[in-house]
Amino acid sequence: MPRDNMASLIQRVARQARITFRSPAGPAFGENLYRLQQLLDEVRAEDLHLAPRGPSAAAAAAAGGGLPWSGVVPPVSYMHICETESFSMGVFLLRSGACIPLHDHPGMNGMLKVLYGTLRIACLDTLPPAAAATPPPAAAAGPCHRALYRSRQHYTPASPPCLLSPHTDNLHQIDAVDGPAAFLDILAPPYDPQHGRDCHYYRLLEGPLPQAGAEPPGLPREVWLMETPQAADFWCGGEPYPGPRVCL
C-alpha cells in the first residue's frame with residue numbers, strides 16, 4: 001500500500017534536487033547530493049502509483065497514450081514529472097528485454113533509482129585522446145573515442161541509486177533483465193542540444209556488451225567506442241505520470 005507521506009516524499013525529492021543542482025560547483029554540493037541520494041533511496045513504485053506491468057498492460061498504456069506508432073509498443077516509455085533549468089525528473093519504463101543503448105550525458109549529473117524489476121547497467125568513462133593509442137580498423141566507419149569500461153552491475157529496488165557525474169560513469173547502457181522494469185531518473189541539467197547537451201549513442205568496437213551470465217574480462221579496462229546514430233529498433237514513447245503532483 002502507498003505510504004501516507006508519499007506525496008511529500010516525491011515533493012521533497014524534487015525540492016532537494018532543485019537545491020542540489022542550482023549550485024553544482026558550490027561548497028555544499030557534496031552534502032546536498034548526499035541528502036538527495038538518501039531521499040531518492042526511499043522512493044518505491046507505490047509512492048508514484050506504479051506497479052509492475054506485463055506485455056498486455058504495456059500495450060494498453062501505449063494505445064491509451066495516443067502514440068504515433070500504430071500497432072507498435074515502444075520498447076521504452078517516459079513519464080515526465082517535472083523540469084527546471086537545473087534538473088529534470090521522470091520515470092522510464094522498460095519492457096521485458098528492452099535496452100536503452102549506450103549513450104552519454106555531456107556535462108551532466110544523474111541519479112537513477114530502480115522502482116521495480118531488475119536492470120543491468122554498464123558504466124563507462126570517456127578518456128582523453130592519446131597519441132600512441134591506435135583505434136581498431138572498424139573505427140574508420142565513424143568518430144571513435146577511447147573509454148574506460150568501469151563496471152557492469154545489476155540494480156533492483158533494494159539497490160542504492162546509481163549515480164553519474166560529468167566525468168565518472170557518464171556513459172551507460174541500461175538493460176531490463178528477466179521482465180519489465182522501471183526507474184526514477186534525475187538529470188542535471190536536462191538535455192539541451194542548443195547548450196551542447198545533446199545525447200550521443202555509441203557502439204563498443206570490441207563487440208556488443210556481454211549478455212546475461214557473461215562477465216566482461218578484467219573490469220575496469222580500456223575500450224574503443226564508435227559514435228553511431230540512434231538505433232532503428234530503439235525509441236521512447238510517452239505516458240502520463242500517475243503519481244502525486246510535484247510543484248516547484
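Everything here concerns the structure above.
Residues numbered from 1 in each chain as written. Predicted model: local features only at pLDDT ≥ 70, side-chain atom pairs only at ≥ 80, totals over all residues. Heavy atoms only, no water.

### Observations concerning the pattern of salt bridges
Turning to step 1, where the next piece is worked out: Using the criterion set out here, one finds 5 salt bridges in the structure.
Turning to step 2, where the next piece is worked out: When the shortest N-O distance is used, the salt bridge between arginine 35 and glutamate 31 registers 2.6 Å. In this pair, arginine 35 and glutamate 31 are both assigned in helix H2 (residues 29–42), 4 residues apart and thus about one turn of the helix distant.
Turning to step 3, where the next piece is worked out: By relative accessible area, glutamate 31 is classed as partly exposed at 45%.
Turning to step 4, where the next piece is worked out: Across the pair arginine 150 and aspartate 169 runs a salt bridge whose closest N-O atoms are separated by 2.7 Å. Within this pair, whereas arginine 150 is found in strand E5 (residues 144–155), its partner aspartate 169 is found in the loop between strand E6 (162–164) and strand E7 (171–188), the two being separated by 19 residues in sequence.
Turning to step 5, where the next piece is worked out: Salt bridges sharing partners connect three or more residues here, namely Asp125, Arg150 and Asp169. (Salt bridge = Lys/Arg side-chain N within 4 Å of Asp/Glu carboxyl O. Helix = DSSP H or I, 4+ residues; strand = E, 2+ residues; numbered from the N terminus. Buried < 20%, exposed > 50% of the residue type's maximum accessible area, 1.4 Å probe, protein only.)

### Description of the nonpolar core
Turning to step 1, where the next piece is worked out: Ranked by internal contacts, the top residues of the largest apolar core, which has 30 residues, are Val13, Met89, Val91 and Leu184.
Turning to step 2, where the next piece is worked out: With 6 residues, helix H1 (residues 6–21) is the largest single contributor of residues to this core.
Turning to step 3, where the next piece is worked out: Residues within four places of valine 91 in sequence aside, it is in contact with Leu48, Leu50, Ser77, Tyr78, Met79, Ile81, Leu115, Ala182, Phe183 and Leu184.
Turning to step 4, where the next piece is worked out: Grouped together as the second largest cluster of nonpolar side chains are 18 residues, Ala98, Leu119, Ile121 and Phe234 included. (Core = buried A, V, L, I, M, F, W, Y, C linked by side-chain atoms within 4.5 Å. Contact = heavy atoms within 4.5 Å.)

### Remarks on H2
Turning to step 1, where the next piece is worked out: Taking 1.5 Å per residue, 14 residues should reach 20 Å; H2 reaches 20 Å between its end C-alpha atoms and fits that length.
Turning to step 2, where the next piece is worked out: Among the residues making up H2, those that are buried are Phe29, Asn32, Leu36, Leu39 and Leu40. Down the axis of H2, the sector holding all buried residues measures 100°, keeping them to one side. (Expected span 1.5 Å × (residues − 1). Arc of directions from axis to C-beta.)

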